[in-house]
Each structure stands twice: as structure tokens, then as C-alpha cells.
Amino acid sequence: MGNSSSMLTQYDIEEVQEHSQRLFSQHEIVSLYERFCQLDRNAKGFISADELLSVPEFAMNLLSQRLLKMVDGLNFKDFVAFLSGFSAKASVQQKIKLIFKVYDSDGNGKVSFNDILEVLRDLSGSFISDSQREQVLTQLLKEAGYSKDTYLTLDDFIKILGSSGLRMEVEVPVD
């Protein structure tokens, strides 16, 4: 699996479906496999950050550098599991888990004030000064019951975002 000269077996498809929590149909998995093979230009069985940057929508994303850290070197099964967080069928909790991973760039399971500031900097660029970002974030954390010194966990993210009516409008085209 992952090599463009190989074909997916029914077993492979079902295994990938299970690994991605059944958020994609068998037809969608086959379509994603074809796309994965196009991206895997050297047929290594995994995609590199450079290969993923060949997708214009990805390259233009303000958070692409953070996302690249999450997907560099993924095999097909893990690639589909990563994409499942963007699926319209994904639960709010699955989407929050993906958002948390974007903020937790070092993978230590905790998000600091500075981690959040870095993402805000990526998203806002020079439109907002660092001091303005810090003021807004400090106030936001205070309103949520946290301080600047608090490290947020996945459970904190779920608590904060879980009841917010969160919608991720990004959808992965599979056809």
C-alpha cells in the first residue's frame, strides 16, 4: 500500500476505513489512494512535505508550515487518518483534536501561551502587533478561566471549544 504501482485490496480498504474511524466510504478511500499516489512522485510509500506543497490549496494555507510537520513522511493509512479531521462526517471532538495538534507543535501534549501566540502570528501576519495579540489572548484566556501561565491540554481544548458550535468549513475533495 502506498506505492503507485500497487493496487488496494479489499482488506487494505477496510483497514484504512477502520484506521480513519470509518469517516470515508470505500469509494472515497480509493480516490484518496489515487491522489496519494500522484503526490508520492517517487513511489516511496509515503509523502514528503515538498510533495504535499505541490497542492496549491495546501501551499497557500496560512498554517501550512505547521500542518507540514504533522504530515511529513505519512504513509497512506496515516495520511487518510490525518485527513479524517477535515471530513464533514468528523465529530466536533475529532476536529478539536486536529486543532490541538496544530497548536501543540512540539507534540508534548500541552499548549502554552507562546504556542497560541505563534499560531495567531501565522494567521494574522503583520495586521496585528505582537502586543495586541498578547492583549487579546490574555483577555480570552482570562474569560475562559485560564491565565497566561496555564498550559492547556486536549481536555481543556475540548472544554473550551466543544460547546462553541465549532465548524471547520474545510472539506477534502475525494473525487
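Data block above holds the structure.
This structure is a prediction, so every number in the text was calculated from the model and none was measured.

(A) Summary view of the packing of helix α5 (residues 64–71) against helix α7 (residues 92–103). Put simply, α5 and α7 touch, their axes get as near as 9 Å, and they point 105 degrees apart. Between α5 and α7, the crossing angle belongs to the class labelled roughly perpendicular. The segment α5 lies against α7, with Arg66, Leu67 and Met70 engaging Leu98, Lys101, Val102 and Tyr103. Of the residues in the contact of α5 with α7, the class split is 5 nonpolar, no polar and 2 charged.

(B) Inspection of the packing of helix α2 (residues 26–39) against helix α6 (residues 76–84) at higher detail. The N-to-C vectors of α2 and α6 enclose an angle of 115 degrees; their axes lie 11 Å apart at closest approach. In this structure, the crossing between α2 and α6 has a hand that is right-handed. Facing α2, whose interface residues are Ile29, Leu32, Tyr33, Phe36 and Leu39, α6 presents Phe76, Phe79, Val80 and Leu83. Its residues placed into classes, the contact of α2 with α6 shows 9 nonpolar, no polar and no charged.

(C) Spatial organisation of the nonpolar core. Leu52, Phe76, Phe79, Phe82 and Phe157 are the most contacted members of the largest nonpolar core, which has 43 residues in total. In this structure Phe82 touches Leu67, Met70, Val71, Leu74 and Leu98, once residues within four positions along its chain are discounted.

The rules behind the values
- Residues numbered from 1 in each chain as written.
- Predicted model: local features only at pLDDT ≥ 70, side-chain atom pairs only at ≥ 80, totals over all residues.
- Heavy atoms only, no water.
- Axes fitted to C-alpha atoms, helices over the stretch in contact; angles between N-to-C directions.
- Helix = DSSP H or I, 4+ residues; strand = E, 2+ residues; numbered from the N terminus.
- Parallel < 35°, antiparallel > 145°, perpendicular 65-115°, else oblique.
- Contact = heavy atoms within 4.5 Å.
- Nonpolar A, V, L, I, M, F, W, Y, C, P; charged D, E, K, R; others polar.
- Left-handed = near helix turned anticlockwise from the far one by under 90°.
- Core = buried A, V, L, I, M, F, W, Y, C linked by side-chain atoms within 4.5 Å.
- Buried < 20%, exposed > 50% of the residue type's maximum accessible area, 1.4 Å probe, protein only.

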